[in-house]
Amino acid sequence: MRFDQPATTNPIDRGRVVGVPHDRIDGPAKVTGTAPYAYERHDAAPDAAYGWIVGSAIARGRITAIDTRAAEAAPGVLGVVTHENAGPLGKGRFNTAHLLGGPAIEHYDQALALVVAETLEQARDAAALVRIDCVAEEGRFDLAAGIDGAEVPGPFFGKDPDSAAGDFDAAFAAAPVKVDQTYTTPDHSHAMMEPHATTALWADGRLTLWTSNQMVAWTVGEVARTLNMPPENIRLVSPYVGGGFGAKLFLRADALMAALGARHVGRPVKVALARPQVPNNTVHRPATIQRVRIGADRNGVIDAIAHESWSGNLPGGNVEMAAMQTRLLYGGRNRLTRHRIAALDLPEGNSMRAPGEAVGMLALEVAMDELAEACGVDPVELRIRNDVAYDPEAGPDRPFSSRPFVDCLRRGAERFGWSRRNPTPGRVRDGRWLVGMGMAAAFRGNQMSRSAARVGVDGRGTVTVETDMTDIGTGTYTILAQTAAETLGVPLEAVRVHLGDSRFPVAAGSGGQWGANSAASGVYAACMTLREALAQKAGFNAGDAVFENGAIVAGNRSVPIADVAGREGVWVEDAIEFGDLDKTYAQGTFGAHFCEVGVDAYTGEIRVRRMVGAFAAGRILNPKSARNQIIGAMTMGVGAALMEELVVDTRHGYFVNHDLAEYHVPVHADIPDQDVLFIEELDDKSSPLKAKGVGELGICGAGAAVANAVHNACGVRIRAYPLTLDKVLRGLGAVT
Amino acid sequence: MTLHENTRRAGADAAGEDATAGATVPVTLTVNREVRHLTLDPRTTLLDALREHLRLTGTKKGCDHGQCGACTVIVEGRRINSCLSLAVMHDGEAVTTIEGLGTPERLHPMQKAFVTHDGFQCGYCTPGQICSAVAVLAEIADGIPSHVTADLADVRFSDAEVRERMSGNICRCAAYPNIIAAIRAVAEGAA
């Protein structure tokens, strides 16, 4: 099914199943611990041996000698894989550094060896016996020191690193009110609860990987490229993923080393990264240095806006596109965005939840708060004054498909009680707490991607959906079942959904918040094709037939689809293919965050007291799971605002705080009740479902709302994230 | 390269590889009301005994260092991080895991409440959250105070108590308010 014209009325508009807050259909399996994750496939590989990865203890250099004799002689050891015996390896297109290092070492904790043993304890112990001699080389580990030599990066997923409209310099120079500030965000770790893990099995030259991965088809291709083997000989299975947030978009060392280990010892092997290996061995969100300049008139109407961002990565790695939202969010005739990349020898930077916007909004939305203060305009009103109905770089010829941004601002403000905010910082006190309110916009682009599914119905009326789409906690199982049930007119209980197997048709996968809308549209396309097949088989004109209550109905004739399917069943496959409606129209998801914090007047401790958000993301396919996505992302925004920071050792080139004790993420006690309001919206230019993504929107701007609330509470403006209490205290000293 | 070499040598010395070669010890655990006899490498954690030897994979390994709570099980009536103790330390003790609370067909009230209130996303921290939540309600019923208990002689359920007591169970998907709602529903007998 091709989607290149705005959607008209279709079966999804019935809204009997889609749009209803159903419990997750995978819930009973998850709450009983019976959902199998990648390291738990005793059913599929009962004799799997255990692999333990030995990582590099230096950031950059060369291996001069590897001695595995002691490890190989240790009890239970079946073999040791290093670059010397792994055979020739290619490199995946999405990998910057090699997943198995040697002789060159590209980053700290890069995998250099895998020890395989009968038990986990034996493998871990023997790993300490692998002797790797190496020569360290000088590396570049400090982003701030690297920006002078930063370069223009190549396009990122087709997006140009620079953009401009009008004459920014002249307009900014002439503006009566100016903001010119630099903000920094540190490296972030995905810190999903399930470390990267894989069970690998070879049989007759064919490889099966039970792994924890967001993008099944991408990763099959990457395995093929890395192991120099045909993709059709690779099966990848990823039905349950214990969190990803971008960390599991690509082939990583767990999967490659498990495959190499299993080949080496002639037995299935499973490998999980030890938690302390995750931040340095895998990928992280790169740190940024962002300069935002805004020139406005005295009423806060923007005439000039520029956003420049510097980030680092291994040579050949991607830039963090932190200025992307600034191309679309606010009006202003004179504009400029620029991304620059510095070569660093830290571990590989890559996508983490809402790459670009998540950290870009931390800068832009604080700059807007600073502009509101400079103009004496209320922050909500300031954003309303700068709303724009079209892509402000392209002009009115490229309107937004739908943009209920002002609705989000107004309704969120009302729900939160924004009118009670005292605009003067440091004036509201509750005992020892200085109390403040802050807000920020939420914005994340809407992306779509081709997505296929196979759908069948059997003689009992059971509908089965098969697609290689993944559910990384996003609720995919449930929304795909809802989509099929709605389209085919059957109850939700009649639908089975099978995901995450490369033997199924290729779906959009989970990333960039494109998964729900794209994959559900793919299932819709397959179900519409199934309707045609069933109608034809039963002698109906598909155009006249209505599918409801498990039957095909036209006029006074009604035939159960179970009877039409018969014993052999009816199966079809189809895909949604997106045309250029996302080029004709700017497409995005919008929202507004509101936050109240307390700042301890004596210690500088910051506590989030309440959060409210209003969001527009097209049709909300399941309000229960969508709300969960939003609150989870808001919480990750709180983490970015207040605590999350991978600390770089700029001498030795690695992240020092590489576990969950030292890399702090929000816990129960940090998060109050969160109130989420969805604004009614159907975007007919986004997909047949008129839906958009929602999984990343909630993080975009959430941290800035916290930072702005901190400023309102105590008058301290911190531009270096995270807002730890040492920074608050430094400012408080000057204020009081 | 000395840094690397020293690290690895220190590891080798500390492991004392000869001393541990092939040594195993018998361990008896009562897991989910069933007596299980195991012969284990003494280095085996309770978590790995459950996951790898008894193949009860409902209990999750998130960090293996007592930092995340995904491995929480109930031992002799109290919740512990099963990754932080060796199986041999629990010889003769009773362990309840997520599999012992309920099944998909017969959910424990806490499991049911987690589904109803959508107290999870990816599901990986969930068994630990649920085991912890069941034990937290027992702790409160037993009058055991926490860091946020104002009156040590009057321990009672509140959202603040639960948030404090559940803070050892990280949920990176951050379904936190939904988890609190689920526990509250069970505490109020509404689940």
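Remember, predicted model here, so these are calculated numbers, not experimental data. (Residues numbered from 1 in each chain as written. Chains lettered and ligands numbered in written order. Predicted model: local features only at pLDDT ≥ 70, side-chain atom pairs only at ≥ 80, totals over all residues. Heavy atoms only, no water.)

A look at the overall build of chain A
Phase 1: Looking only at helices and strands, one finds 18 helices and 30 strands in chain A.
Phase 2: Taken against the 2.2 N^0.38 rule, which gives 27 Å for 736 residues, the C-alpha radius of gyration of chain A at 27 Å falls within 12% of a compact globule.
Phase 3: Looking at the 736 residues of chain A, the share that counts as buried comes to 67%.
Phase 4: Of the contacts made within chain A by residues no fewer than 6 positions apart, 81% connect residues no fewer than 24 positions apart.
Phase 5: Counting every atom, chain A has about 23,900 Å² of accessible surface; 48% of that belongs to carbon and sulfur.
Phase 6: Counting 72 positive and 86 negative side-chain charges, chain A places the averaged centre of each group 2 Å from the other. (Helix = DSSP H or I, 4+ residues; strand = E, 2+ residues; numbered from the N terminus. Rg over C-alpha atoms; globule rule 2.2 N^0.38 Å. Buried < 20%, exposed > 50% of the residue type's maximum accessible area, 1.4 Å probe, protein only. Contact = heavy atoms within 4.5 Å. Areas by Shrake-Rupley, 256 points an atom, 1.4 Å probe, with all protein chains shown as cover. Lys, Arg positive; Asp, Glu negative; His and termini not counted. Charge placed at Lys NZ, Arg CZ, Asp CG, Glu CD.)

What about the sheet that holds strand 15 (residues 302-313) of chain A?
Sheet strands associate in pairs through backbone hydrogen bonding, adopting either a parallel or an antiparallel arrangement.
All names here are of chain A.
Phase 1: Spatially, 8-16-15-14-9 is the arrangement adopted by the five strands of the open sheet, whose pairing is mixed. Two strands lie at the open edges of the sheet, namely strand 8 (162-165) and strand 9 (177-185), each paired on one side alone. Taken pair by pair, the neighbouring strands of this sheet meet at an average axis angle of 10 degrees, ignoring direction.
Phase 2: Across four bridges, strand 8 lies against strand 16 (residues 334-343) in antiparallel orientation. The residue bridging Ala164 from the neighbouring strand is Leu336, located in strand 16. (Pairing = 2+ DSSP bridges. Axes fitted to C-alpha atoms, helices over the stretch in contact; angles between N-to-C directions.)

A short note on the side chain of Asn350(A)
Residues and elements named next belong to chain A.
Phase 1: By the element assignment, Asn350 lies in the loop between strand 16 and helix 9 (357-375).
Phase 2: By relative accessible area, which is 6% here, Asn350 ends up buried.
Phase 3: A polar contact is formed between the side chain of Asn350 and the side chain of Glu348, at a distance of 3.4 Å.
Phase 4: Among residues more than four places away in sequence, those in contact with Asn350 are Phe94, Phe250, Val283, His284, Arg285, Pro286 and Asn318. (Polar contact = N/O pair within 3.5 Å; in protein donor to acceptor, adjacent residues only side chain to side chain.)

Structural notes on helix 6 (residues 216-227) of chain A
Residues and elements named next belong to chain A.
Phase 1: A rise of 1.5 Å per residue sets the reference length of helix 6, with its twelve residues, at 16 Å; its end C-alpha atoms lie 16 Å apart and thus fit the reference within 8%.
Phase 2: Burial runs high along helix 6: nine of the twelve residues are buried.
Phase 3: Residues of helix 6 that are buried: Val216, Thr219, Val220, Gly221, Glu222, Val223, Ala224, Thr226 and Leu227.
Phase 4: Each element contacted by the buried residues of helix 6 is listed here: strand 10 (197-203), strand 11 (206-211), strand 12 (234-237) and helix 7 (253-265). (Expected span 1.5 Å × (residues − 1).)

Brief notes about the pairing of strand 24 (residues 557-560) of chain A
Phase 1: Examined bridge by bridge, strand 23 (residues 551-554) of chain A and strand 24 of chain A share four bridges and lie antiparallel to one another. Residue pairing in the sheet places Ala551(A) in a bridge with Pro560(A) of strand 24 of chain A.

A short note on the packing of helix 6 (residues 126-141) of chain B against helix 8 (residues 176-187) of chain B
Residues and elements named next belong to chain B.
Phase 1: Between helix 6 and helix 8, the least distance of the axes is 11 Å, while the angle of their chain directions is 40 degrees. Considered as vectors, helix 6 and helix 8 are oriented oblique to each other. Between helix 6 and helix 8 lies a crossing whose hand is right-handed. Counted together, Gln129, Ala133 and Leu137 of helix 6 and Ile179, Ile183, Val186 and Ala187 of helix 8 form the full contact between these two elements.
Phase 2: A breakdown of the residues in the contact of helix 6 with helix 8 according to their chemical character gives six nonpolar, one polar and no charged. (Parallel < 35°, antiparallel > 145°, perpendicular 65-115°, else oblique. Left-handed = near helix turned anticlockwise from the far one by under 90°. Nonpolar A, V, L, I, M, F, W, Y, C, P; charged D, E, K, R; others polar.)

A few points about the interface of chain B and chain A
Much of the literature gives interface size as the accessible area that the parts lose upon coming together.
Phase 1: On the chain A side, the residues contacting the 65 residues of chain B number 76 residues.
Phase 2: Buried surface at the junction of chain B and chain A, both sides included, amounts to about 5,800 Å², of which 56% is carbon and sulfur.
Phase 3: For the pair chain B and chain A, the interface holds seven salt bridges.
Phase 4: A salt bridge links Glu52(B) to Lys270(A); the shortest N-O distance between them is 2.7 Å.
Phase 5: There are 30 residue pairs in polar contact (both at pLDDT 80 or more) connecting chain B and chain A. (Buried area = accessible area lost by both parts, 1.4 Å probe. Salt bridge = Lys/Arg side-chain N within 4 Å of Asp/Glu carboxyl O.)

Some words on the state of the cysteines
Residue and element names in this part refer to chain B.
Phase 1: All chains considered together, the criterion is met by zero disulfides over all chains.
Phase 2: Of all cysteine sulfurs, the one in Cys63 lies closest to Cys68, which takes part in no disulfide; the gap is 3.8 Å.
Phase 3: Looking at Cys68, the relative accessible area reads 2%, which means it is buried. (Disulfide = S-S within 2.5 Å.)

Considering unusual backbone geometry
Residue and element names in this part refer to chain A.
Phase 1: Note that the residue after Gly102, namely Pro103, is joined by a cis bond; omega there is -5 degrees.
Phase 2: In this structure, Pro103 sits in the loop between strand 4 (77-82) and strand 5 (104-105).
Phase 3: In this structure, Ala191 is a non-glycine residue whose phi angle is positive, near 55 degrees.
Phase 4: With respect to the secondary-structure elements, Ala191 resides in the loop between strand 9 and strand 10.
Phase 5: Given the relative accessible area of 4%, Ala191 is considered buried.
Phase 6: A positive phi angle, close to 50 degrees, is found at Gln513, a residue other than glycine.
Phase 7: As for its placement among the helices and strands, Gln513 is situated in the loop between strand 21 (495-498) and helix 13 (515-537).
Phase 8: The buried category is assigned to Gln513, whose relative accessible area is 7%.

So, the domain arrangement of chain A
All names here are of chain A.
Phase 1: When cut into domains, chain A gives domain 1 (2-35 + 448-582) and domain 2 (356-446 + 587-735).
Phase 2: Computed from C-alpha coordinates alone, the two centres of domain 1 and domain 2 are separated by 35 Å.
Phase 3: Listed by partner, the interface residues are 35 residues for domain 1 and 29 residues for domain 2.
Phase 4: Between domain 1 and domain 2 the total buried area reaches about 2,400 Å² when both faces are included, carbon and sulfur atoms providing 52% of it.
Phase 5: On the domain 1 side of the contact with domain 2, Met448, Gln513 and Asn517 bury the most area, a combined 26% of that side's loss.
Phase 6: Between Asp23 and Lys624 there is a salt bridge, with the nearest N and O atoms lying 2.5 Å from each other.
Phase 7: Our count for the domain 1 to domain 2 interface comes out at 21 residue pairs in polar contact (both at pLDDT 80 or more).
Phase 8: For the side of domain 1 that touches domain 2, the element with the most residues is helix 13, which contributes five residues.
Phase 9: Within the side of domain 1 that touches domain 2, the residues separate by chemical class into 15 nonpolar, 16 polar and four charged. (Domains from an automatic or database assignment.)

A closer look at the domain arrangement of chain B
All names here are of chain B.
Phase 1: The domain architecture assigned to chain B consists of domain 1 (23-101) and domain 2 (109-187).
Phase 2: Computed from C-alpha atoms alone, the centre-to-centre distance between domain 1 and domain 2 is 22 Å.
Phase 3: At the interface, 17 residues of domain 1 touch 18 residues of domain 2.
Phase 4: Buried area between domain 1 and domain 2, summed over both chains or domains, comes out near 1,400 Å², and the portion from carbon and sulfur atoms is 56%.
Phase 5: Three residues, Arg78, Arg79 and Ile98, lead the burial of domain 1 against domain 2; their summed loss comes to 40% of the area buried on that side.

Thoughts on helix 3 (residues 46-53) of chain B
The α-helix advances 3.6 residues per turn, and as a result positions three or four apart in sequence lie on the same side.
Residue and element names in this part refer to chain B.
Phase 1: Among the eight residues that make up helix 3, seven are buried, leaving the element largely enclosed by the rest of the structure.
Phase 2: Of the positions making up helix 3, those classed as buried are Leu46, Leu47, Asp48, Ala49, Leu50, Arg51 and Glu52.
Phase 3: A positive backbone phi angle near 55 degrees is found at Arg55, which sits one or two residues after helix 3.

Here we look at the side chain of Gln482(A)
Phase 1: Topologically, Gln482(A) is positioned in helix 12 (residues 476-488).
Phase 2: Residue contacts for Gln482(A): discarding those within four places in its chain leaves Val17(A), Val18(A), Gly19(A), Val20(A), His22(A), Leu492(A), Leu621(A) and Asn622(A).

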